[in-house]
Amino acid sequence: TRSTPLRLNGEAAVPADIDSRFPLLRIEQSPYLPSEPVYSGLVQEALARLVAERKNPEKLFEAGLEPTRTTLFTGPPGVGKTMAARWLARELERPLLILDLSAVMSSYLGRTGTNLRHVLEFARTVDCVLLLDELDAIAKRRDDSGEIGELKRLVTVLLQQLDDWPSSGLLVAATNHAELLDPAVWRRFEQPIEFHLPSGEAINTYLTGLFDQFAPEKGKWIAVLSQAMAGQSFSDIEREVTLARRGAALNGQDLDPYLLSLIKLDRLSKQEKIDVAVALVKNELATQRRAHEVTGVARDTIRARLNEIDSH
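Residues numbered from 1 in each chain as written. Predicted model: local features only at pLDDT ≥ 70, side-chain atom pairs only at ≥ 80, totals over all residues. Heavy atoms only, no water.

**Q** Just to check I follow, could you spell out unusual backbone geometry for this structure?
**A** Backbone phi values are negative for most residues with the exception of glycine, while trans is the configuration of most peptide bonds. One non-glycine residue, E134, lies in the positive phi region at around 55°. Along the polypeptide, E134 turns up in the loop between β4 (129-132) and α6 (149-163). Here E284, not a glycine, exhibits a phi torsion of approximately 60°, which is positive. In this structure, E284 sits in the loop between α12 (270-282) and α13 (288-295). (Helix = DSSP H or I, 4+ residues; strand = E, 2+ residues; numbered from the N terminus.)

**Q** Whenever I open this one, the environment of E121 confuses me. Can you help?
**A** Relative to the helices and strands, E121 is located in helix α5 (residues 111-124). Expressed as a C-alpha distance, the spacing of E121 and Q161, which sit 40 residues apart in the sequence, is 7.9 Å.

**Q** Could you clarify how one ought to interpret helix α3 (residues 81-92) in this entry?
**A** The end-to-end C-alpha distance of α3 is 17 Å, a good match for the 16 Å that 12 residues give at a rise of 1.5 Å each. Residues of α3 that are buried sit in contact with α1 (41-55), β2 (70-74), β3 (96-99), β4 and β5 (170-175). Of the residues one or two after α3, E93 is the one with positive phi, at around 55°. (Expected span 1.5 Å × (residues − 1). Contact = heavy atoms within 4.5 Å.)

**Q** Help me understand the packing of helix α9 (residues 221-228) against α12, please; the structure alone is not making it clear to me.
**A** A pair of packed helices is captured by two measures, namely the crossing angle of their axes and the spacing between those axes. Where α9 contacts α12, the axes come no closer than 9 Å and their chain directions differ by 170°. In this view, α9 runs roughly antiparallel relative to α12, as classed from their interaxial angle. Here W221, V224, Q227 and A228 of α9 lie close against α12, whose contacting residues are D275, V276, A279 and L280. Counted by class, the contact of α9 with α12 contains six nonpolar, one polar and one charged residues. (Axes fitted to C-alpha atoms, helices over the stretch in contact; angles between N-to-C directions. Parallel < 35°, antiparallel > 145°, perpendicular 65-115°, else oblique. Nonpolar A, V, L, I, M, F, W, Y, C, P; charged D, E, K, R; others polar.)

**Q** Sorry, what's going on with the packing of aromatic side chains here?
**A** Where two aromatic rings form a pair, the distance of their centres and the angle of their planes describe that pair. By the definition in use, this model includes four aromatic pairs. One aromatic cluster is present, built from ring pairs that chain together Y39, F73 and F195. One cation-aromatic arrangement involves R245 over F214; the distance from NZ or CZ to the ring centre is 4.0 Å. (Phe/Tyr/Trp six-rings, centres within 6.5 Å; stacked < 30°, edge-to-face > 60°. Lys NZ or Arg CZ within 6 Å of the ring centre and 35° of its normal.)

**Q** Looking at this structure, how should I read the side chain of E28?
**A** By the element assignment, E28 lies in strand β1 (residues 25-28). Within the structure, E28 has its side chain in polar contact with the side chain of R86 (distance 2.7 Å). (Polar contact = N/O pair within 3.5 Å; in protein donor to acceptor, adjacent residues only side chain to side chain.)

**Q** What is the right way to read the pattern of salt bridges from this model?
**A** Pairs can form between side chains of opposite charge once their charged atoms are near each other. Applying the stated criterion to the full structure yields 14 salt bridges. When the shortest N-O distance is used, the salt bridge between E284 and K220 registers 3.5 Å. Of this pair, E284 sits in the loop between α12 and α13 while K220 sits in the loop between α8 (200-214) and α9, and the two are 64 residues apart along the sequence. We note a salt bridge from E240 to K264, for which the minimum N-O separation is 3.6 Å. (Salt bridge = Lys/Arg side-chain N within 4 Å of Asp/Glu carboxyl O.)

**Q** Just to check I follow, could you spell out the pairing of β2 for this structure?
**A** Looking down a regular strand, the side chains alternate between one sheet face and the other. For β2, the buried fraction is high: five of the five residues fall into the buried class. Along β2, one buried face is formed by T70, L72 and T74 and the opposite face, lined by T71 and F73, is buried too. Note: β2 against β5, five bridges, orientation parallel. Within β5, the residue paired with T71 across the bridge is V172. Across four bridges, the pairing between β2 and strand β6 (residues 191-194) is parallel. Note on β6: the bridge partner recorded for F73 is I193. (Buried < 20%, exposed > 50% of the residue type's maximum accessible area, 1.4 Å probe, protein only. Pairing = 2+ DSSP bridges.)

**Q** Whenever I open this one, the side chain of S226 confuses me. Can you help?
**A** Structurally, S226 can be placed in helix α9. Side chain to side chain, S226 and N204 meet in a polar contact 3.5 Å long. Ignoring any residue separated from it by four or fewer positions in sequence, one finds S226 in contact with G200, I203, N204 and L207.

**Q** Can you walk me through the packing of α8 against helix α10 (residues 234-251) in this structure?
**A** Contact geometry for α8 and α10: axes closest at 11 Å, N-to-C directions at 35°. Here α8 and α10 pass one another in a crossing that is right-handed. Residues A202, I203, Y206, L207, L210 and F214 of α8 form the contact with α10, whose participating residues are F234, I237, E238, V241 and R245. The class makeup of the residues in the contact of α8 with α10 is nine nonpolar, no polar and two charged. (Left-handed = near helix turned anticlockwise from the far one by under 90°.)

**Q** Mind showing me how you'd approach the environment of R69 here?
**A** Of note, R69 is situated in the loop between α2 (57-62) and β2. Given a relative accessible area of 16%, R69 falls into the buried group. As for R69 and V155, which are separated by 86 residues in sequence, their C-alpha atoms are 18 Å apart. A polar atom in the side chain of R69 sits 2.6 Å from the backbone oxygen of W165.

**Q** Would you mind going over α13 with me for this structure?
**A** Residue pairs three or four apart in sequence face the same way in an α-helix, which turns once every 3.6 residues. Taken residue by residue, α13 has A291, V294 and T295 as its buried positions. Buried residues of α13, seen end-on, are gathered within an arc of 80° and therefore sit on one face of the element. Looking at the buried residues of α13, the elements they touch are α11 (256-260), α12 and α14 (299-311). Looking one or two places after α13, you find G296, whose phi comes out positive at around 80°. (Arc of directions from axis to C-beta.)

Here it is, written out as structure tokens:
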């Protein structure tokens, strides 16, 4: 139809559920990233290699090889798995097709497997990046006695499609629960990539980009928050900073007190509390008394640490 984003490519209509008529795929013709993703060296290297394989396939063909067809992203929620799929599609200048689980999962016996097959067969004909998000919902272990036969048949459908997936397309799957996946599904993915919670350096880089967008004058907070928000995912960090901004905007107040409230003591070790207290004073964001009230670190300890830093 005229509303189909891929119409100009001469492709078939996007598959839809036969009963609800809801599209089984969400299509991002030109994937948008609000900010550049920040990943560890290993993840960034693996993603860059996937792009290089697609942009220089002739080098692989000469060696009797083909580009990676399937890749599996694993890791906790909020670490950038979905964003990585968008990044791949953007770098390859291809549309991103996302499996819509809410439309694919049907209450009719056997219909869900048919829907999944239609989605994968359609994506095979399109020059795209296909994302199967929340893969564990359709690829659980078949030895799980709690699962009904219909969900077990889904795994069989998926395995058949993965085996026949063409090298011209890139299929990306993502899951927060890798331990739930059927072992046979694991073996079908050529390139597994594990995403971890961001390091302090990655959080610093992410916050720098975030603050540059809305409050570059608040850059002194980056060093403090990078330490105070250790162990959180990118999405958690963005959510908390956004809530602080909303509070300041609604009350017509300065952002500093709201950013100070993002320091959660229950997440910090004793040494991390000391580091945060020192960073608050060193960056002139709080007096020693206020830093003590926020972190519980004794003022003598803060002074001693500051003197130690100055002596070096």
